[in-house]
4 protein chains.
Amino acid sequence: MTTQKIRIAILGASGYTGAELIRLLLTHPYAEITALTANAHAGQEMAAVFPHLRGADLPKLITIEELQTDALDLVFCCLPHATTQKVIAGLPDYLKIIDLSADFRLRDVAEYKRWYGEVHQAPILQGQAVYGLTEHYRELIPESRLIANPGCYPTCSLLPLIPFAKAGILDVSQVIIDAKSGVSGAGRSIKQNLLFNEVSEGMQPYGVNNHRHIGEITQELTAFADEVANITFVPHLIPQRRGMIATIYVRLQQGININTARQILEKAYKDESFVHVLPEGEVPSTHSVRASNYCHMNLFAGSSSDDIILISAIDNLMKGASGQAVQNMNLLYGWEETLGLAGGAIFP
Amino acid sequence: MTTQKIRIAILGASGYTGAELIRLLLTHPYAEITALTANAHAGQEMAAVFPHLRGADLPKLITIEELQTDALDLVFCCLPHATTQKVIAGLPDYLKIIDLSADFRLRDVAEYKRWYGEVHQAPILQGQAVYGLTEHYRELIPESRLIANPGCYPTCSLLPLIPFAKAGILDVSQVIIDAKSGVSGAGRSIKQNLLFNEVSEGMQPYGVNNHRHIGEITQELTAFADEVANITFVPHLIPQRRGMIATIYVRLQQGININTARQILEKAYKDESFVHVLPEGEVPSTHSVRASNYCHMNLFAGSSSDDIILISAIDNLMKGASGQAVQNMNLLYGWEETLGLAGGAIFP
Amino acid sequence: MTTQKIRIAILGASGYTGAELIRLLLTHPYAEITALTANAHAGQEMAAVFPHLRGADLPKLITIEELQTDALDLVFCCLPHATTQKVIAGLPDYLKIIDLSADFRLRDVAEYKRWYGEVHQAPILQGQAVYGLTEHYRELIPESRLIANPGCYPTCSLLPLIPFAKAGILDVSQVIIDAKSGVSGAGRSIKQNLLFNEVSEGMQPYGVNNHRHIGEITQELTAFADEVANITFVPHLIPQRRGMIATIYVRLQQGININTARQILEKAYKDESFVHVLPEGEVPSTHSVRASNYCHMNLFAGSSSDDIILISAIDNLMKGASGQAVQNMNLLYGWEETLGLAGGAIFP
Amino acid sequence: MTTQKIRIAILGASGYTGAELIRLLLTHPYAEITALTANAHAGQEMAAVFPHLRGADLPKLITIEELQTDALDLVFCCLPHATTQKVIAGLPDYLKIIDLSADFRLRDVAEYKRWYGEVHQAPILQGQAVYGLTEHYRELIPESRLIANPGCYPTCSLLPLIPFAKAGILDVSQVIIDAKSGVSGAGRSIKQNLLFNEVSEGMQPYGVNNHRHIGEITQELTAFADEVANITFVPHLIPQRRGMIATIYVRLQQGININTARQILEKAYKDESFVHVLPEGEVPSTHSVRASNYCHMNLFAGSSSDDIILISAIDNLMKGASGQAVQNMNLLYGWEETLGLAGGAIFP
């Protein structure tokens, strides 16, 4: 266990996940933010890009070319996919990397091409990456140099599903995930459909059954169930900043009743700091996890005897991105998983 | 066709559906608002209860006991269920009634007891009621004295489903409806869970697979399919005022492809003023129907060849309540269905 | 009074004020929308730009160069300032014009240069324009060919101030206007500071005492008071779509008490359809005017005996832009001022 | 300096300020939450009242009668005014008290009666209380047993005003404060005007120039200026959860220009952890202080040479309530003022 401070760079620090990492790392006892890159803002103070960080002691933004890698231990990479591959391939071997992009999540490069439309440029590096869904890859993460931090929808969907897949009682041939996300999931992109007037007081499905995260969910569910999963996935844009709900409709193996199912879920997460199975009947809400690293989940009876409804809630920027990234960093260095993540949810 | 003004009372005018009826009727050429009841506010001006109605020429609020029924032609009833039965049973026979409560929607009184917990007090009247889903009960409505205006979730769910049920190609044994509603669907009840701080910036499922509207949806889908329907229904409370989305996951009869399905849907609604099947690929949004009587819908391929995803959007206070009630009034009197409903959607 | 339909073009129809004009004109008995221009969207259906207008019978969008002016009676101009001058200067003399930009509002071209940074290109046309604050320019508007429709902040501020200026009892040497606006006032510009995540759950002053509307407010207050007005003006961006409040702190001539002041205000607007002085003690709210052409106002005692606080509320897209433009059109053609504006406010 | 943990009770823990105190104290190294009272919820877990606190190790809620005061060092009192006096009067002398109600803020009991309508029941205790505006009462707080934590509006207004009052250059005869607050300032009261549908998408002034906080602001400004202050104060309810802006219009002594004024403000707060004077031209925003204990402020030129506009932003639940209370606790015990408050602002 390292207890002296590790030196950290955040690449792509001018986006929401970068800012959220900074917020968390500023309260982490063993983290030292050494460098922040953001090519479009190089030379600026972080407070000029994110005024809520005024008052924090932070290095100025630099270009990625200016990064001095020999003064670093760990890199969080918050760059867009495709760009990410090239940047990470160019980093020296002694650096540990937690990548928040999609570039190293799909183990099959053909799947990468299918969902992201381009040939993967770093397939060998891809082979070394570990999928950073902390609770289910806890053994592999500490040994890895490159952690592919999961997407927000996959985190929210897989956490309730994997225990059933592992137990071999999930009918993976028809898994329906109806997901709802706040707007911060789309990042700080300046697009018409993300304007206040286009978002507030409205809601809309998007990427209906062709969202890129289907690849990631399918890969993991197939792996844990050891059977090809068939996912139906419809995300919806909801007029709130943070927060995500996945409402999941599944069929269990014949004869598995809801009480057994509840026991499986509760057992899977009983020792977890961040994943809570709620008491029977209590419905997860994004209010209860806002700005925290928690995942709240529960299960409910469906309309046929083998059907169940799984509901889970996370903060997409936290357990769905930067929070889980810090949790993975803690695991990587042998620290308490909750370091820097003790803040709890913010309400109201 | 009557073209002289009909005299209208709104019972329970101090709720959101009452206020919305007033807004619509004020621009209707053949409607005259003669009486407004609201027992808790009797004696007050409407503008004291709803300041946005200041400037409108409206009668003062009275108690239901003060209502002079001989000066009326039509009653809109916006009272809570259970209360409604008794009030309507007491109205003279010559009055036409459009009831926005749930009291006359379920034809089977056992189903009423199951979902609403009480024995129905007016079963004979129940037998006379017509379910007011305008597009699918257009022949029966003009002949009826009592129209049971559908619930918001049933309207939003049934409009896309019924054409397939009618065509006999829908597998009604597994219909999954994931619905999302703005907060006005809950009315003006003063409850903690409806406070701004408890709603904004959050979302939450509720009534998971045991919401009362399941009875209504099941009844109608069963009737149109001529086969017992099995509905899974999860509504979600979304931080917006008006607007509802139903995302529906269904299986069609083997061999029915999505193009055929599209043709069925388009044919069903091609002559309708208020129901629009969107062009292929265009996703319904509540923004496009806000404050209007429109229903926008579309269909998308599921993950298996026979699966399709139906998406529909309405304004819950309009096509989901008061707008459809006015549409039914127009039908009842032989007027153009669009009278008083020409306003169009409000954006931004 | 013309009662046959007039043929109307909207120039710059792809913005919010254009869309709002369309919404209003579609229900106007004497308006026929003949042409819609939007150079960046030429060739598209309006429903492709504003899906909420699907179902309306509208001409396709064309470029301004394609406009056939001989088939027109009236033009609403919703173009940006500076561009507007050139376009209007090129229109034939027989066309009437209601301009929603700032280009013809300032009678002094030096003031135009001061606030808009450029030399006015059409000063003669400027001399012909009438300031379209309907209630106070009602005599001049019908005789004019070019109406400069007021800005939203000036409308909201001037309506409560002018009666006191006219009465000669307002100390115009210190008028403090603290204004708050919903986001639609900024139009559909695709800018970072208008993103949902940058606006919702936050508020911020902007243009502190140097907003361009100061020129317009100063001009009119000076004109009505016949004395140079000194305006302090701080607008704030508020996380809501529509709606504007002006809270105005003024001093009256010594000895004028608040009862006299109330009489002056009530008398000024007692016959107005759209301007309502609320009962004593009732506070204006944007809820009560949303999507309507109303202005609600009231006055309250300040902390010194001669000080009063004026509060007014409008919908910035309606009385603050398109609604007032339609009101001016009605006046121009001798129609009832309320035609096309009868919809009333939308709540909830 | 005490570094062993102090034992803390929160009285009235079921409100927003109580929940916020818990959130902060859970991360404080020297705080131990020993008791939580909430008479209406006695016997319940905190997570039943505030689900976002699930996972935290907290005592069950008890009645105030069940409180064992001998096991305590410090009490945070979050009870309503009037009730507070009686409860605090009954606490043993060895307990330190930080009171978040209004009961001990007004030093003059006549003023208390004027604004709160009741005779003060604990005038002697009142005389012992220190007004807990940390930055300006830093010397008195550590010696006090009873700290009257300031109101949110007074904190936001007084922080920018006091340096000028102290310098003797503020014309206190006309101070105009136009304040805007998010809804959490109203607490968790279940009232119609706080429902989501009554708040979202609207704004409204309230308590126009008769809000109770005027007493508190006047008292402090008068004290620091040594001259009777005359405050005009209009608060507005804004559709957001947290966050407050005060826009303040004042006149300085003749000849004091804005540069001098800026120097006075910057000097007053240059060593403060939580109060930041922004760089020239930068406008405070509630986004930048959300969920943090920061106050951001700036000053701008008015329309006359001696007029300036002061703008300040805080999170009403933090620097405006619970955050400042924790800051005062730190001061009381001689700890770093930032302990438990290091979290920084949350964005987006």
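Quick summary incoming for the structure in this document. Residue positions are given per chain, counted from 1 along the sequence in the order it is written. To read the labels, note that chains go from A and ligands from 1, taken in the order they are written. At least 70 in pLDDT is required for a residue's local features to be given in this predicted model, at least 80 for side-chain atom pairs to be given and counted, and no such filter applies to totals for whole chains, interfaces and linings, which use all residues. Values reported for side chains reflect all heavy atoms of the structure, with hydrogen atoms and water molecules removed beforehand.

**Describing the pairing of strand β5 (residues 96–99) of chain B**
All names here are of chain B.
Move 1: Should DSSP find at least two bridges between two strands, the strands are regarded as paired. Counting from the N terminus, the helices are the DSSP runs of H or I reaching at least four residues and the strands are the DSSP runs of E reaching at least two. Looking at chain direction, strand β4 (residues 74–77) and β5 are connected through four bridges and run parallel. Along β5, the bridge assignment pairs L74 with K96.
Move 2: With three bridges connecting them, β5 and strand β7 (residues 146–148) associate as parallel partners. Bridge pairing in β7 places I98 opposite I147.

**Comments concerning the side chain of D306(C)**
Residues and elements named next belong to chain C.
Move 1: For D306, the position within the fold is in the loop between β13 (295–301) and β14 (307–314).
Move 2: For the exposure calls, accessible area comes from a 1.4 Å probe over protein chains only, and a residue counts as buried if that area is under 20% of its type's maximum, exposed if over 50%, partly exposed in between. We score Asp and Glu as negative and Lys and Arg as positive, and we do not count His or the chain ends. Whenever a carboxyl oxygen of Asp or Glu lies within 4 Å of a side-chain nitrogen of Lys or Arg, that contact is scored as a salt bridge. Summary of buried charges: D306 has no salt-bridge partner, and the nearest side chain of opposite charge, R251, is 5.6 Å away.
Move 3: By the convention used here, residues are in contact when the closest approach between their heavy atoms is within 4.5 Å. In this structure D306 touches V250, R251, L252, Q253, Q254 and G255, once residues within four positions along its chain are discounted.

**Things to note about the side chain of T232(C)**
Move 1: Secondary-structure assignment places T232(C) in strand β10 (residues 231–237).
Move 2: Here T232(C) falls in the buried class, since its relative accessible area comes to 5%.
Move 3: Beyond its immediate chain neighbours, meaning those up to four positions away, T232(C) contacts V175(C), I176(C), I177(C), N209(C), Y249(D), S303(D) and I309(D).

**Description of the pattern of salt bridges**
Move 1: Taken as a whole, this structure holds 68 salt bridges over all chains when the rule is applied.
Move 2: Through salt bridges with shared partners, a single ionic network connects E20(A), R23(A), R242(A) and D315(A).

**Focus: the environment of L74(D)**
Residues and elements named next belong to chain D.
Move 1: Structurally, L74 can be placed in strand β4 (residues 74–77).
Move 2: The spatial distance from the C-alpha of L74 to the C-alpha of I6 is 7.2 Å, given a sequence separation of 68 residues.
Move 3: L74 has contacts with I6, R7, I8, A9, L95, K96, I97, I98, M329, L332 and Y333, leaving out every residue within four places of it along the chain.

**Things to note about the relation of the copies chain D and chain C**
Move 1: Overlaid copies result from least-squares superposition on C-alpha atoms, with residues included only where pLDDT is at least 70 in both. Between chain D and chain C, the superposition needs a rotation of 180° and an axial shift of 0.0 Å, giving an RMSD of 0.0 Å. The relationship between the two copies is best expressed as a two-fold rotation axis. For chain D, the residue whose C-alpha comes nearest the rotation axis is P239(D), separated from it by 3.3 Å.
Move 2: An overlap of 100% is found between the interface residues of chain D and their copies at the interface of chain C, pointing to a shared contact surface.

**Section: the sheet that holds strand β3 (residues 61–62) of chain D**
All names here are of chain D.
Move 1: With respect to topology, seven strands assemble into an open sheet ordered β3-β2-β1-β4-β5-β7-β6, the strand pairing being parallel. Strands with a single pairing partner mark the edges of an open sheet, and in this sheet they are β3 and β6 (130–131).
Move 2: By the bridge criterion, two bridges tie strand β2 (residues 31–37) to β3 in an arrangement that is parallel. The residue of β3 that forms the bridge with L36 is L61.

**Re the interface of chain B and chain C**
Move 1: Each partner contributes residues to the interface: chain B has 33 residues there, and chain C has 33 residues.
Move 2: By buried area we mean how much accessible surface two parts lose on assembly, using a 1.4 Å probe and totalling the loss over both. Buried area between chain B and chain C, both sides added, is near 2,700 Å², and the carbon and sulfur share of it is 58%.
Move 3: In terms of surface lost to chain C, no three residues of chain B exceed R54(B), F347(B) and P348(B), which account for 27% of the buried area on that side.
Move 4: Counting across the interface, chain B meets chain C through two salt bridges.
Move 5: For this analysis, a polar contact is any N or O atom pair within 3.5 Å, provided that within protein one partner can donate a hydrogen and the other can accept it, and provided that sequence-adjacent residues contribute only side-chain to side-chain pairs. The interface formed by chain B and chain C holds four residue pairs in polar contact (both at pLDDT 80 or more) in total.
Move 6: Of the residues contributing to the side of chain B that touches chain C, the split by class is 14 nonpolar, 10 polar and nine charged. Gly falls in the polar group here, along with every residue not listed as nonpolar (Ala, Val, Leu, Ile, Met, Phe, Trp, Tyr, Cys, Pro) or charged (Asp, Glu, Lys, Arg).

**So, the relation of the copies chain B and chain C**
Move 1: Each copy of the sequence occupies a distinct position, and chain B is placed on chain C by a rotation of 180° and an axial shift of 0.0 Å, giving an RMSD of 0.0 Å.
Move 2: Mapped onto chain C, 100% of the interface residues of chain B again fall at the interface, so both copies present the same surface.

**Let's talk about the interface of chain D and chain C**
Move 1: The partner chain C presents 50 residues to the 50 residues of chain D that form the contact.
Move 2: Note on chain D versus chain C: buried area summed over both sides is about 3,800 Å², and carbon and sulfur give 56% of it.
Move 3: Of all residues in chain D, E201(D), M203(D) and Y249(D) give up the largest surface area on contact with chain C, accounting jointly for 20% of the area buried on that side.
Move 4: Connecting chain D to chain C are two salt bridges.

**A look at the packing of aromatic side chains**
Move 1: Aromatic contacts are taken between Phe, Tyr and Trp rings whose centres are within 6.5 Å, Trp giving its six-membered ring; a plane angle under 30 degrees counts as stacked, one over 60 as edge-to-face, and the others as tilted. Going through the model one piece at a time under the given rule, you end up with 42 aromatic pairs over all chains.
Move 2: With a centroid separation of 5.9 Å and an interplanar angle of 65°, the aromatic rings of F274(B) and Y294(B) are classed as edge-to-face. Remark: Y294(B) occurs in the loop between β12 (275–277) and β13 (295–301) and F274(B) occurs in the loop between α9 (258–269) and β12; sequence separation between them is 20 residues. Residues F274(B) and Y294(B) agree in their burial class; the two are buried.
Move 3: Aromatic side chains Y112(D) and Y116(D) sit 5.1 Å apart centroid to centroid with 20° between the ring planes, which places their arrangement in the stacked category. On the criterion of helical spacing, the pair formed by Y112(D) and Y116(D) is a turn pair, its members being four residues apart in helix α4 (residues 109–116). Each of the two residues, Y112(D) as well as Y116(D), counts as buried.
Move 4: Three or more aromatic residues joined by ring pairs form one cluster here, namely Y16(A), F50(A) and F347(D).
Move 5: Lying over the aromatic face of Y333(A), K96(A) brings its terminal NZ or CZ to 5.6 Å of the ring centre. Whether a charge lies above a ring is judged from NZ of Lys or CZ of Arg, which has to be within 6 Å of the ring centre and within 35 degrees of the ring normal.

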